[in-house]
Amino acid sequence: MLLFASSPYWMRKLCLQERNSSYSHARSRRGWVCTRLWLSTLLISFRGIPADKETQPAHIPSLAAVFANDFVIGTAVSTRMLAQDPETRHLLTWHFRCLTPENEAKWNAVNRKEGHYDFSRLNKIIEFAQQYKLAIIGHVLIWHAQVPSWVFTDQKGKPASRALLLQRMRRHIATMLKHTHGKINAWDVVNEAFLANGRFRQSLWFKRIGPDYIEHAFRAAMEADPDCKLIYNDYGLYKKQKRQAVVKLISRLRAQGIRIDAVGMQMHCSLNHPRVEEIEQSILAFANAGVKVHISELDIDVLPLPRGIWGGMLDKRQYTPALDPYRNGLPEHVATKLAQRYKKLFALFLKHRDKIERLTIWGVTDRYSWKNNFPISGRINYPTLFDRNGTPKDAFYEVIRLKKRP
Ligand code: GLA
């Protein structure tokens, strides 16, 4: 695997440690998973790993272990969840090997005021990941959202010029990568730069700097941390025109000697959309373009939506009980559909396991999913593999069965 390339020496050494280990079966399975995945970046000490028996019933297989030979299984986390919810914390250390800070590394979380960086929330996630030997995906350096307004404004309160914005962009990227060097080995460098029709999103980055802002961002990241894997991340990448725009971007970057290692397909799906065939075409297109694919934000929305509102946050007045039908629980027939949908998606990802490096589920349990508040706030949604109490859902077992069947 590119992101987590292994060293034969450490593999031999750790396999030996593993064979000699007198730990419990559950613990030794976890050690084996770690051995497979984290050899180059982490020196694994089995003593540092918590006793699984205290955290998860032995009969629940670890998602990460089951797919250890296929891809790294990750999830999105928040500092609030890590600090306040020990049960979910245990769940996540058993099932996942890679964390994406959902908000803590975004520009407005670390650098709200000009000249002042506050890494305290991000550091908590880094410390947690180090404690449990988990990788981190840095998310995100350049995005149109969650950027403080000062970034786009000059000292006179006027729109920042191209030169000023480029300078701020480079400084931000350098500051972030310096801080996370050796702790975060893959970053989403640019998020959501294209529209569904393949044109550039009219973000302030695009309007003030021009289309080459993406090149500048990747170059700055490459120079700031040559060891760090660089990812372009976006939603709706199954769409033909968007897919083509990203394939072109990859060749543009490469033609200028700028590194891009992977494309992150967010994959915020619904029960029927997008079609597996469309997703597959994009996986193939990105792999053919010479990068790895990351499934970076997978979840499945089961709730109804009024037509034509996808993509924009509605305000609370647009909430209606009809759009929130499962407040008292998910009916069995919908749970079954969800399970089948997860199964189909995972089957596709397994088919392309040689191209897919990481699969991140966006949220540890339904309780922590952004989908409870997007695109309408205050609903009860069921997008992940674990219910609000952390119990694996049918979808979890369907996905596991893909590997357990002979
Ligand atoms: C997008 C972003 C993420 C996050 C989600 C909602 O997909 O890439 O950072 O904001 O929306 O959780």
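Use the structure listed above.
Figured I'd write up the structure that's included with this text. Think of each chain on its own: its residues are numbered from 1, step by step along the sequence as written. Side-chain atom pairs in this predicted model are given and counted only at pLDDT of 80 or more, local residue features only at pLDDT of at least 70, and totals for whole chains, interfaces and linings cover all residues. Working from all heavy atoms in the structure, the side-chain values ignore hydrogens and water.

Here we come to the site of the ligand. If a single non-hydrogen atom of a residue is within 4 Å of a molecule or strand, that residue counts as near it. Near the ligand you find Glu102, Lys106, His139, Trp143, Gln146, Asn191, Glu192, Gln266, His268, Glu297, Trp362 and Trp370, and these make up its full shell. Polar contacts, as used here, are pairs of N or O atoms within 3.5 Å; protein pairs need one atom able to donate a hydrogen and one able to accept it. Residues neighboring in sequence count only if both atoms are side-chain atoms. In this structure, Lys106 approaches the ligand through a side-chain N or O atom, which is 2.8 Å from an oxygen atom. Here an oxygen atom of the ligand sits 3.2 Å away from a polar atom, N or O, in the side chain of His268. Residue burial considers only the protein chains on display, and all accessible areas are found by Shrake-Rupley using a 1.4 Å probe. When the ligand sits alone it has 300 Å² of accessible area, and the protein chains cover 91% of it. As a working rule, the residues Ala, Val, Leu, Ile, Met, Phe, Trp, Tyr, Cys and Pro are called nonpolar, Asp, Glu, Lys and Arg charged, and the rest polar, with Gly in that last group. Split by residue class, the shell around the ligand holds 3 nonpolar, 5 polar and 4 charged.

This part covers the packing of helix 12 (residues 240–255) against helix 13 (residues 276–288). Inter-axis angles, ranging from 0 to 180 degrees, are taken between N-to-C directions of lines fitted to C-alpha atoms, where helices are fitted over the stretch in contact. Secondary structure elements are defined from DSSP: runs of H or I of at least 4 residues count as helices, runs of E of at least 2 residues count as strands, and each element is numbered from the N terminus. Relative orientation of the contacting elements helix 12 and helix 13 amounts to 10°, with a least axis distance of 10 Å. As summarised for this structure, helix 12 and helix 13 are arranged roughly parallel, according to the angle between their axes. Contacts from Arg243, Val246, Val247 and Ile250 in helix 12 reach Glu278, Gln281, Ser282, Ala285 and Phe286 in helix 13. Residues of the contact of helix 12 with helix 13, tallied by class, amount to 5 nonpolar, 2 polar and 2 charged. Angles are sorted into four bins: roughly parallel if under 35 degrees, roughly antiparallel if over 145, roughly perpendicular if 65 to 115, and oblique for all others. We call two residues in contact when some of their heavy atoms are within 4.5 Å.

Working rule for helices: expected span equals 1.5 Å times residues minus one. The terminal C-alpha atoms of helix 13, which comprises 13 residues, lie 18 Å apart, in line with the 18 Å expected from a rise of 1.5 Å per residue. Those residues of helix 13 lying buried are Val276, Ile279, Glu280, Ser282, Ile283, Ala285 and Phe286. Packing partners of the buried residues in helix 13 comprise helix 12, strand 6 (262–265), strand 8 (292–301), helix 14 (332–351) and strand 9 (356–361). Two residues or fewer past helix 13, Gly290 is found with a positive phi of approximately 95°. The rule is simple: take the accessible area with a 1.4 Å probe, protein chains only, and divide by the maximum for that residue type; under 20% is buried, over 50% is exposed, in between is partly exposed.

Let us look at the side chain of Asp234. By secondary structure assignment, the location of Asp234 is in strand 5 (residues 229–234). On the basis of relative accessible area, Asp234 is assigned to the buried category, the value being 0%. A distance of 2.5 Å separates a polar atom in the side chain of Asp234 from a polar atom in the side chain of Tyr232. Apart from the residues lying within four places of it in its own chain, the contact partners of Asp234 are Asn191, Glu192, Ala193, Phe194, Lys242, Gly264, Met265 and Gln266.

Nothing here speaks to function; it is geometry throughout.
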